[in-house]
Amino acid sequence: MEITLDSPLDMHLHLRDSQMLKLVAPLSAQSFAGAVVMPNLVPPVNSAASLHAYRNRVEEATKGEIFQPYMTLFFQSYTEQELASLRPDIFGIKLYPAGATTNSEGGVKAIHDAEGTMKIMEEMGIPLLVHGESHGFVMDREEEFLHVYRHLATAFPKLTICMEHITTASAVQLLDEFENLCATVTLQHLIITLDDVAGGMLRPHLFCKPIAKRPEDRDALLQAALAAHPKLMFGSDSAPHPIHAKEACGCAAGVFTAPIALPVLADLFERHGALEKLQDFVSGNACRLHHLTPPVKHITLAKKDMTVPDVYEGYGKNVVPMKAGETISWSIRS
């Protein structure tokens with residue numbers, strides 16, 4: 001059995017920088033025609049100079065592959081003049097609540113203070129991408145943030161707002177409440193629950209933010225993905241960290257899925273009798289919602305066993321992927 005995907009897209013991807021960028025960027029570029037690249041570097045991507053320099057580094061790391069990086073800015077207060085000059089070069093602007101996740105200390109402390117920039121974004125047609133978590137109890141953080149989405153969707157009805165890496169059944173339901181809301185969902189949140197992360201021995205390589213939730217949340221996400229809900233897109237949130245940062249007392253948040261994302265998705269959709277929906281989930285919905293025309297690229301997946309490497313190494317860096325050492329039943333043929 002085989003399936004060929006046309007120009008698959010990863011709508012939420014961390015490529016990091018420097019040596020880590022050189023290691024992981026080719027692994028995404030081999031599988032995807034393009035990806036929305038996150039800006040939470042140190043320092044963050046928040047100016048024309050840093051945006052252009054980072055894009056050049058990404059393009060150099062993926063040279064030889066058909067791969068379009070869709071660049072994003074780190075949310076801060078921007079003037080109309082700044083955004084007008086940057087508009088041709090950016091896909092969207094990413095809002096992180098201050099301290100909510102990796103390298104987000106410089107994020108937004110009060111949503112009210114960000115609304116001036118959002119108004120300019122609405123007028124210019126620049127999507128707002130949001131890491132939607134409060135600072136409450138870890139299992140409730142996304143649920144507690146949903147009222148912020150409702151407020152923003154109402155206050156800025158012409159602003160496209162993407163709820164990034166949703167993890168709850170409530171967030172799935174919210175998709176149908178407002179025309180200007182869409183969402184991404186990760187591979188791990190379609191498969192695991194908190195029990196897989198911490199129900200037995202702690203599995204640091206499955207720890208991410210937002211944290212995996214309850215079975216009923218996982219099931220709601222999976223059903224929406226299998227149906228290719230028209231406002232839901234695949235966004236891996238593949239977030240590499242070196243082994244020493246994951247297998248540590250202060251475990252870094254992030255699951256590295258880039259090399260296995262498409263084969264595992266093919267297996268998941270095939271087992272649920274929904275393989276014909278995979279194209280829309282990994283490309284069609286994103287192209288329609290965001291008016292994208294990605295580069296032409298065909299990825300053929302075959303139902304053929306593949307053993308996932310225990311670790312990916314290179315340039316002095318190492319990263320453990322999800323399903324390390326396991327045999328999965330699909331692989332990329334070409």
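Reference entry: report on the structure contained in this document. (Residues numbered from 1 in each chain as written. Predicted model: local features only at pLDDT ≥ 70, side-chain atom pairs only at ≥ 80, totals over all residues. Heavy atoms only, no water.)

1. Some words on the packing of helix α11 (residues 261–271) against helix α12 (residues 278–290)
Argument step 1. Close contact between α11 and α12 brings their axes to 9 Å; oriented N to C, the two are set at 135°. In terms of orientation, α11 lies oblique with respect to α12. Along the contact surface, α11 presents L262, L265, A266 and F269, while α12 presents L278, F281 and V282.
Argument step 2. Among the residues making up the contact of α11 with α12, the classes are represented as 7 nonpolar, no polar and no charged. (Axes fitted to C-alpha atoms, helices over the stretch in contact; angles between N-to-C directions. Helix = DSSP H or I, 4+ residues; strand = E, 2+ residues; numbered from the N terminus. Parallel < 35°, antiparallel > 145°, perpendicular 65-115°, else oblique. Contact = heavy atoms within 4.5 Å. Nonpolar A, V, L, I, M, F, W, Y, C, P; charged D, E, K, R; others polar.)

2. As for the nonpolar core
Argument step 1. Ranked by size, the top nonpolar core spans 102 residues in total, and within it L128, L265, F269 and F281 carry the most contacts.
Argument step 2. Each residue touching F281, except ones within four places of it in the same chain, is listed here: V185, L190, A225, A228, L232, M233, F234, L265 and F269.
Argument step 3. By size, the runner-up hydrophobic cluster in this structure holds 15 residues, among which are Y70, F91, L129 and C162. (Core = buried A, V, L, I, M, F, W, Y, C linked by side-chain atoms within 4.5 Å. Buried < 20%, exposed > 50% of the residue type's maximum accessible area, 1.4 Å probe, protein only.)

3. Notes on the sheet that holds strand β10 (residues 298–302)
Argument step 1. Reading across the sheet, the 3 strands line up as β1-β10-β15 and stay open at both edges, with antiparallel pairing between neighbours. The open sheet has two free edges, formed respectively by β1 (2–6) and β15 (331–332), since each of these has just one partner strand.
Argument step 2. Sheet topology places β10 next to β15; 2 bridges connect them, and they run antiparallel. If you follow L301 over to β15, its bridge partner there is I332. (Pairing = 2+ DSSP bridges.)

4. Some points on the pattern of salt bridges
Argument step 1. Taken as a whole and assessed by the stated rule, the structure comprises 11 salt bridges.
Argument step 2. A salt bridge links K119 to E122; the nearest nitrogen and oxygen atoms lie 3.3 Å apart. In this pair, K119 and E122 both sit in helix α4 (residues 111–124), 3 residues apart, roughly one turn of the helix.
Argument step 3. By relative accessible area, K119 is classed as partly exposed at 40%.
Argument step 4. In this structure, E270 and K303 form a salt bridge, with 3.1 Å as the shortest nitrogen-oxygen distance. Taken together, the residues span a long stretch of sequence, with E270 in helix α11 and K303 in the loop between β10 and β11 (306–307) at a distance of 33 residues.
Argument step 5. The exposure class of K303 is partly exposed, given its relative accessible area of 42%. (Salt bridge = Lys/Arg side-chain N within 4 Å of Asp/Glu carboxyl O.)

5. Looking at the pairing of strand β8 (residues 181–185)
Argument step 1. With 5 of its 5 residues buried, β8 lies for the most part within the structure.
Argument step 2. In β8, alternate side chains face the same way, and those of L181, A183 and V185 on one face and C182 and T184 on the other are all buried.
Argument step 3. In terms of strand pairing, strand β7 (residues 161–163) meets β8 through 3 bridges, oriented parallel. Bridge pairing in β8 places M163 opposite A183.
Argument step 4. For the crossover that starts at β7, traverses helix α6 (residues 169–174) and ends in the parallel β8, the hand is right-handed. (Right-handed = clockwise from strand over helix to strand, strands pointing away.)

6. Let's talk about the side chain of S236
Argument step 1. Its place among the elements puts S236 in the loop between β9 (232–234) and α10 (243–246).
Argument step 2. Judged by its relative accessible area of 1%, S236 is buried.
Argument step 3. A polar atom in the side chain of S236 sits 2.9 Å from the backbone nitrogen of S238.
Argument step 4. In this structure, S236 is in contact with D10, H12, L13, T186, Q188 and T257, ignoring residues within four places of it in sequence. (Polar contact = N/O pair within 3.5 Å; in protein donor to acceptor, adjacent residues only side chain to side chain.)

7. Quick word on the side chain of N180
Argument step 1. Tracing the chain through its elements places N180 in the loop between α6 and β8.
Argument step 2. A polar contact of 3.3 Å, which involves the side chain of N180, links it to the backbone oxygen of A153.
Argument step 3. Here the side chain of N180 touches L159 through a polar contact of 3.1 Å, landing on its backbone oxygen.
Argument step 4. Aside from chain neighbours lying at most four places away, what touches N180 is A153, F156, P157, L159, T160 and I161.

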